[in-house]
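Reading the structure
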Protein chains: 2
Amino acid sequence: MHKNSSQSGEYELGSTLHLRRLGIDTHEEAVIYMRRDCHVCRSEGFSSHVRVEVNVGDEAIIATINLVEGDLLAPHEASLSEVAWRRLKAREGGVVSVRHPRPLDSLSRMRAKVYGQRLLDGDMTQIMHDVVAGRYSDIHLSSFITACAARGLDRTETIGLTKAMVVAGERLEWGADVIVDKHCVGGLPGNRTTPIVVAIIAACGLTMPKTSSRAITSPAGTADTMEVLAPVNLDIVSMRRVVDKEGGCIVWGGSVSLSPADDTLIRVERALDVDSEGQLVASVLSKKLAAGSSTLVIDMPVGSTAKVRSNSEANRLATSLLSVSQAVGLNTRVLRTDGSQPVGRGIGPALEALDVLAVFNDTKEAPGDLRERALDLAGILLEMASAAPNGAGREYARRTLDSGAAWKKFQAICEAQGGMRHPNAAAQRLPILADSPGRVVSVDNRRLAMAAKLAGAPESKPAGVEFQTRIGAEVAKGDVLFTLHAESRGEIAYAKEYVKSHSPIIEVE
Amino acid sequence: MHKNSSQSGEYELGSTLHLRRLGIDTHEEAVIYMRRDCHVCRSEGFSSHVRVEVNVGDEAIIATINLVEGDLLAPHEASLSEVAWRRLKAREGGVVSVRHPRPLDSLSRMRAKVYGQRLLDGDMTQIMHDVVAGRYSDIHLSSFITACAARGLDRTETIGLTKAMVVAGERLEWGADVIVDKHCVGGLPGNRTTPIVVAIIAACGLTMPKTSSRAITSPAGTADTMEVLAPVNLDIVSMRRVVDKEGGCIVWGGSVSLSPADDTLIRVERALDVDSEGQLVASVLSKKLAAGSSTLVIDMPVGSTAKVRSNSEANRLATSLLSVSQAVGLNTRVLRTDGSQPVGRGIGPALEALDVLAVFNDTKEAPGDLRERALDLAGILLEMASAAPNGAGREYARRTLDSGAAWKKFQAICEAQGGMRHPNAAAQRLPILADSPGRVVSVDNRRLAMAAKLAGAPESKPAGVEFQTRIGAEVAKGDVLFTLHAESRGEIAYAKEYVKSHSPIIEVE
């Protein structure tokens, strides 16, 4: 229930203030700053942390009130957090009006899930619609995610959530019937097959308009790595131009903003470190549907320090991905891969880009595991898209890579995205040596990734870790296991301290 | 995992900034404002919404980062939200240091609950400890509350949560063995029995150090009503002085800050409107234990627009309250009462206070239902505390009220709390009349409460609703059903508009 003042012209004027930009970045949380003693707070009875509807021109959002005491704002002024400022298309000095929001019907459906009811397709649609409109506070988002994890989502609910996420955003369409895509169920540093796979697929005449993410908790996302080699912040119009010309692209998904509902949920899932299978499946598949894909291969690394830790977990997740894919009309295959150690040598944007270039050019430094994995994935896609007979896809992919056709295509894609660039080397390097001789028996992927982050990746492109051994290798005392790369001595020191206090990251027996 | 820089003296200096107060009130959320381009954010890699450990002198809290662009802060400056400023005992220009926080072990226990594990006593203790220390963000708090509601708390977990909430705060001790308390499972406007019950009990020589809440979503809490008659913002020392002298008090619980864990959880439960039985039981009983009570009567109004809506709900809740009470050593009885309509005539602080005074003085306006309910509750307590034989408690309470002893005691308590005061009348009044003749068949308590709030209660003490009929009464067209009281014409207009658009609040057939 709420005050209906805004419906009455008489009080309408009383609820406006003028905007002043304070420049406060609250990440995704819409906040309105108002003086405690302003006439709007007094007349509407607003207190701190209350959720209100904020209108600027024709734009409306729900925001959380932060009250201000003292002279930060004049009595007739209000301010907005940066995300609210952008969403409302606000301008300095503009008029803002504030009112009690209408109750959100979808919250009662969310509560019903908390208490054990199933969510129907219509419920999911309404919830995702309100999420995308910014009507859910972090408290509501967290409750939704927790309720779905605690109560679980059955197959029908997962399908409903997947479709609702797609409907709540834009959906791309392409000229071709077969649109190829790949996804990796994260957690493995250096696993940068995407640029190679896209180049091979596009060189074979198929369409692969790939959107990738930036790192959030990892030392590099595919978009970060690709950005070392070409611009990736393309809008949909530019992306389409690249794909029309070259059949493929590798751009940052954040620029084209597919599945905004998913972006919002993922942010809160990360803060909670709660991750339910139903939500993971809906997240992956909704992004692919929104991107207009028809044909998808999923790389699923399995290993004790990867995201999927066991075969039974892999079985369950693969079954759910395939079953929901079928229901939403995606042709999907899952490839389980070795998740016991990083792929390639580089961990960090520039170091990974160097691996990619080495594979294209077949230099002696080219990491064999990265090459083989890219060929496996590309081979499966070529078969799924009927570009090669069953059993012949991998060989077609290999020929396309070894002939130089993929490298030529990759360069053309980079040029179309705005011009090819070359990786820079880091100023500071520190090799980490084996304490004792023996055989490498295990690698802690998570700690290796953390060391790369402390060295500055992904903000610092050249920073990261060069992984210079493999499980099973025999090493002598003093052999280099990996090398820290950073731009400053301070960052090298951070990373070194972490490595020292979290040894052994690479276990030698 | 986190950067360990702060453990090394070498980088310690690098992470400090100087404080400037901006005066931003984020309610209970600790926020630190830092410039995006300050050396701390750059060197530590902090981004917006990241949780950090903030230290000022010996005080430490966990806060959420809001990054600032532009000149709101100088490069060497940081600011804190008002709650963080208070908790850290910060001062203008003082030094603040910021670091990555240690991981919270209790979050992994919370996640285990999400995934269906039971929470042991030790888990509950650790979680409540971290909640009180401000280490949980709203996202974490919401997840905990939702997980407990979705998975449910069994009896052992509810007992564990109750005890953990007590341990996480202070616990009062009093000279006597028997400490009497009462609680009402809210939702019924005007049900202001507490001042009458406390006065009767104290007049009978028992000890009843009552802490009450202020309104959060209702038009008046007991503390708001009592504040019309005497100061209620007493600290523990002052409260003890009143109780030592008079045997009873009615003070605001917020001043003495019993069960801070509960205060934090309740704030998020309200935002979610999620309310699980286990948490409700733990919330009520932990507050009583923390207040040092031994003997408790619970008023449980049952009615379709009250908090407890049905007899089956009442049965379940009463069973749980009694069972957990026994386990934690509280002597508890539950009295089910009529929750179909408001108690007394007044809804709003001053109007309710007038009802209380009328009952004490037995004037002709004294509402019989308020008097009877207070006598019922006091009678039960007198028997539980062995001040009266079974069956004779109510009569003892009646004699104490009718003899004027309770009134004398009440005045003495008011004087001891800082001096008795008298209610003011509202400047604006608007009677709401029956549209047609007939019999009153139902009252929507929730809407009546909302009308009182829109009229200005509880911030405006004289504002509210005077409820002037009863279910079963025969009314003629034009008879007054209730009267709106407000200090300004604008507030009367707000309330009137709401009443018009939500009719009938009182149903006449």
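Residues numbered from 1 in each chain as written. Chains lettered and ligands numbered in written order. Predicted model: local features only at pLDDT ≥ 70, side-chain atom pairs only at ≥ 80, totals over all residues.

**Digging into the overall build of chain A**
What counts here: A run of H or I in DSSP counts as a helix once it spans at least four residues, and a run of E counts as a strand once it spans at least two, with each numbered from the N terminus. Taken over C-alpha atoms, the radius of gyration is set against a globule rule of 2.2 Å times the number of residues to the power 0.38. With C-beta atoms placed from the backbone, a residue is labelled by how many other C-beta atoms lie within 10 Å of its own: buried for 20 or more, exposed for 12 or fewer, partly exposed between the two. The contact criterion used here is simple: two residues whose C-beta atoms, placed from the backbone, lie within 7 Å are in contact.
The helix and strand tally for chain A stands at 20 helices and 19 strands. Against the globule reference of 23 Å for 509 residues, chain A gives a C-alpha radius of gyration of 25 Å, in line with a compact fold. In chain A, which comprises 509 residues, the proportion classed as buried is 56%. The long-range share in chain A, meaning contacts at least 24 apart out of those at least 6 apart in sequence, stands at 78%.

**Some thoughts on the pairing of strand β12 (residues 331–338) of chain B**
Residue and element names in this part refer to chain B. We count it as follows: Strand pairing is defined by DSSP finding a minimum of two bridges between the two strands. Think of it like this: strands point away, you trace from the first strand over the helix to the second, and a clockwise trace means the crossover is right-handed.
The sheet contact formed by strand β11 (residues 295–302) and β12 spans eight bridges and is parallel. Counterpart to Asp 299 in the pairing with β12 is Leu 335. The β-α-β motif built from β11, the intervening helix α14 (residues 311–328) and the parallel element β12 has right-handed crossover chirality.

**Concerning the interface of chain A and chain B**
The condition is simple: Residues are grouped as follows: Ala, Val, Leu, Ile, Met, Phe, Trp, Tyr, Cys and Pro are nonpolar; Asp, Glu, Lys and Arg are charged; every other residue, Gly included, is polar.
Contact with chain A, which involves 49 residues of that partner, is made by 49 residues of chain B. Broken down by secondary-structure element, the contributors of at least two residues to the side of chain A that touches chain B are β2 (24–25), β5 (59–68), α4 (105–114), α6 (138–151), α12 (260–272), α19 (445–454) and α20 (489–501) of chain A. In terms of residue class, the side of chain A that touches chain B is made up of 20 nonpolar, 19 polar and 10 charged. In the sheet, β5 of chain A pairs with strand β2 (residues 24–25) of chain B via two bridges, with the strands oriented antiparallel. In the strand pairing of β2 of chain B, Val 68 of chain A is matched with Ile 24 of chain B.

**Description of the nonpolar core**
Quick reminder of the rule: Connectivity within a nonpolar core runs through C-beta atoms within 7 Å, and the core itself is a set of buried Ala, Val, Leu, Ile, Met, Phe, Trp, Tyr and Cys residues.
Judged by nonpolar contacts, the single largest core of 282 residues is most densely connected at Ala 451 of chain A together with Ala 451 of chain B. The residues contacting Ala 451 of chain B, other than those within four sequence positions of it, are Val 465, Leu 484, Ala 495, Tyr 498, Val 499 and Ile 505 of chain B. Counting 64 residues, the second-largest nonpolar core is a separate cluster that includes Ile 24, Ala 30, Met 34 and Leu 67 of chain B.

**Re the relation of the copies chain A and chain B**
Keep this limit in mind: The copies were overlaid by least squares, fitting only the C-alpha atoms of residues that reach a pLDDT of 70 or more in each copy.
The two copies are related by a screw motion: chain A maps onto chain B through a turn of 180° and a shift of 0.1 Å along the axis, at an RMSD of 0.1 Å. Such a turn and shift between the copies fits a two-fold axis. A shared binding surface is used by both copies, with 100% of the interface residues of chain A retained as interface residues in chain B.

**Description of the sheet that holds strand β18 (residues 480–486) of chain A**
Through backbone hydrogen bonds, the strands of a sheet pair up, either in parallel or in antiparallel fashion. Residue and element names in this part refer to chain A. The cut-off we apply is this: Every axis corresponds to a line fitted to the C-alpha atoms, with the helix fit spanning only the stretch in contact, and the corresponding angles, defined between N-to-C directions, vary from 0 to 180 degrees.
Strands sit in the order β13-β16-β18-β14 across an open sheet of four strands; the sheet is antiparallel. Of all the strands in the sheet, just β13 (346–347) and β14 (428–433) have a single pairing partner and so form its edges. This element, α20, spans β14 and β18 of the sheet and lies at about 145° to β18.

**Observations concerning the environment of Glu 269 of chain B**
The topology assignment puts Glu 269 of chain B in helix α12 (residues 260–272). Apart from the residues within four sequence positions on either side, Glu 269 of chain B is in contact with Ile 145, Val 274, Asp 275 and Gln 279 of chain B.

**Concerning helix α10 (residues 236–246) of chain A**
Residue and element names in this part refer to chain A. Put simply, the rule is: The directions considered for the arc are those from the helix axis to the C-beta atoms.
Three or more residues of α10 are buried, namely Met 239, Val 242, Val 243 and Glu 246. Down the axis of α10, the sector holding all buried residues measures 95°, keeping them to one side. Looking at the packing, one finds that the buried side of α10 touches α8 (194–203), β9 (208–212), β10 (248–252), α11 (253–256) and α18 (405–416). Gly 247 sits one or two residues past α10 and shows a positive phi near 80°.

**Comments concerning the domain arrangement of chain A**
All names here are of chain A. Stated precisely, the cut-off is as follows: Segmentation into domains, and thus their bounds, comes from an automatic or database assignment.
The domain boundaries assigned to chain A delineate domain 1 (5–99), domain 2 (105–167), domain 3 (180–256 + 278–416) and domain 4 (428–508). Contact with domain 1, which involves seven residues of that partner, is made by four residues of domain 2. Considering every element that reaches the side of domain 1 that touches domain 2, the biggest residue donor is β5, with three residues. Each residue belonging to the side of domain 1 that touches domain 2 can be placed in one class, and the counts come to three nonpolar, one polar and three charged.

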